[in-house]
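Below are the chains, spelled out letter by letter.
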Amino acid sequence: IERPRPTFQIEKKDDEALSAVQRALLEEIRAALRADDYKKLMKLVRKMQSSDEWPDGIPNSIKKAALEALGWYGSKCLPEIVPFLADSNPEIVADAVSQWEDAIAECDSDREVAEQVKLASRVIVDKESVDSILVETMNMRHSVAVETFKDVLANGNEQAKAKVLEQISDYTDDTTITTGEQLDAWREKNPDDPGDEEMYGGIDENADEN
């Protein structure tokens, strides 16, 4: 069942608080979605995210509108959803996590999910939301999960680095693993199963061509 297209009706008081420029941006987002103009929408969102006003100078009503539009397009908008995870407003973060999780569910492979977990671990600071992001590693084969854990330990923010240790323990059932070297040693003893590529690797679009 196709989801209904968002329309971005915002409360009157929120609309009245917008500047002329902000109202025009909101209308552009609406128009892009009405026209199913994915490229235009991405251009608008990226322009907003690279502006001097981002993130706290952008009204929440516009951020909500942008998130709803991104969520409608699903997994191909994951890189644009990630910056919203760092917002200072808990409500925006909650919306962003919800859209992120829905989009992740559309990903074909654990490698694709892993790349998005790595990106999100660099920006998200809310502890519960960090948990929601990192728990996706439970749906990865050993090699991909280990590389994801190592990346978060090396490049994640402080909240992610602290939380990933709990996730490593849950995944490996070993509370002593805290370093990349120990993760590599665990992987040596716990290699991928022969059927993991078929289970986690996604759809091979070329499979029927041979």
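Nothing here was measured: the structure is a model prediction, and the numbers come from that model.

**A look at the overall build of the protein chain**
From N to C terminus, the protein chain includes 12 helices and 0 strands. Counting over 210 residues, the protein chain shows a buried share of 43%. Across the protein chain, contacts joining residues at least 24 apart in sequence account for 66% of those joining residues at least 6 apart. Counting every atom, the protein chain has about 11,700 Å² of accessible surface; 47% of that belongs to carbon and sulfur. When the 25 basic and 47 acidic side-chain charges of the protein chain are each reduced to a single mean position, those positions are 7 Å apart.

**Here's the deal with the packing of helix H6 (residues 90-104) against helix H8 (residues 127-134)**
Two elements in contact, H6 and H8, have axes separated by 11 Å at closest approach and are oriented at 5°. When the interaxial angle is binned, H6 and H8 end up roughly parallel. Between H6, through Val-93, Val-97, Trp-100 and Glu-101, and H8, the contact on the second element is made entirely by Ser-129, Ser-132 and Ile-133.

**Focus on the side chain of Arg-30**
By the element assignment, Arg-30 lies in helix H2 (residues 20-34). In contact with Arg-30, other than residues within four places in its own chain, are Thr-7, Phe-8, Gln-9 and Ile-10.

**Looking at the environment of Met-48**
Structurally, Met-48 can be placed in helix H3 (residues 38-49). Exposure remark for Met-48: the relative accessible area of 4% places this residue in the buried category. Sequence separation between Met-48 and Lys-63 is 15 residues, and the spatial gap between their C-alpha atoms is 9.3 Å. Apart from the residues within four sequence positions on either side, Met-48 is in contact with Leu-25, Trp-54, Ile-58, Ile-62, Ala-66 and Phe-84.

**Describing the confidence of the model for the protein chain**
Chain-level statistics for the protein chain give a pLDDT mean of 89 and a share of 94% at 70 or above. In the predicted structure, residues 204-210 sits below a pLDDT of 50 and forms 0 contacts with residues beyond four places in sequence or in another chain.

**With respect to H3**
In this model, H3 (12 residues) spans 17 Å end to end at C-alpha, consistent with the 16 Å of a helix rising 1.5 Å per residue. Of the residues making up H3, those classed as buried are Leu-41, Met-42, Leu-44, Val-45, Met-48 and Gln-49. Buried residues of H3, seen end-on, are gathered within an arc of 160° and therefore sit on one face of the element. Looking at H3, the residues exposed on the side facing more than 90 degrees away from the buried face are Lys-39, Lys-43 and Lys-47. Looking at the buried side of H3, the elements it contacts are H2, helix H4 (60-73) and helix H5 (78-81).

**What about the pattern of salt bridges?**
Under the criterion given, the structure shown has 18 salt bridges. For Arg-122, the salt bridge identified is with Asp-151, shortest N-O distance 3.0 Å. Of the two residues, Arg-122 is situated in the loop between helix H7 (110-121) and H8 and Asp-151 in helix H9 (residues 142-155); the sequence distance between them amounts to 29 residues. By relative accessible area, Arg-122 is classed as partly exposed at 36%. For Lys-163, the salt bridge identified is with Glu-166, shortest N-O distance 3.9 Å. In this pair, Lys-163 and Glu-166 are both assigned in helix H10 (residues 158-172), 3 residues apart and thus about one turn of the helix distant. A residue is classified by how much of its surface remains accessible, and Lys-163, at 18% relative accessible area, is buried. Salt bridges sharing common partners tie together Asp-110, Arg-111, Arg-141 and Glu-197.

**Structural notes on the packing of H2 against H3**
One way to put it is that H2 packs onto H3 with a least axis distance of 9 Å and a crossing angle of 155°. Judged on the interaxial angle alone, H3 and H2 are roughly antiparallel. For H2 against H3, the interelement crossing comes out left-handed. Seen from H2, the contacting residues are Leu-25, Glu-28, Ile-29 and Ala-32; seen from H3, they are Lys-40, Leu-41, Leu-44 and Met-48. Of the residues assigned to the contact of H2 with H3, the class counts are 6 nonpolar, no polar and 2 charged.

Definitions and cut-offs
- Residues numbered from 1 in each chain as written.
- Predicted model: local features only at pLDDT ≥ 70, side-chain atom pairs only at ≥ 80, totals over all residues.
- Heavy atoms only, no water.
- Helix = DSSP H or I, 4+ residues; strand = E, 2+ residues; numbered from the N terminus.
- Buried < 20%, exposed > 50% of the residue type's maximum accessible area, 1.4 Å probe, protein only.
- Contact = heavy atoms within 4.5 Å.
- Areas by Shrake-Rupley, 256 points an atom, 1.4 Å probe, with all protein chains shown as cover.
- Lys, Arg positive; Asp, Glu negative; His and termini not counted.
- Charge placed at Lys NZ, Arg CZ, Asp CG, Glu CD.
- Axes fitted to C-alpha atoms, helices over the stretch in contact; angles between N-to-C directions.
- Parallel < 35°, antiparallel > 145°, perpendicular 65-115°, else oblique.
- pLDDT = per-residue confidence, 0-100.
- Expected span 1.5 Å × (residues − 1).
- Arc of directions from axis to C-beta.
- Salt bridge = Lys/Arg side-chain N within 4 Å of Asp/Glu carboxyl O.
- Left-handed = near helix turned anticlockwise from the far one by under 90°.
- Nonpolar A, V, L, I, M, F, W, Y, C, P; charged D, E, K, R; others polar.

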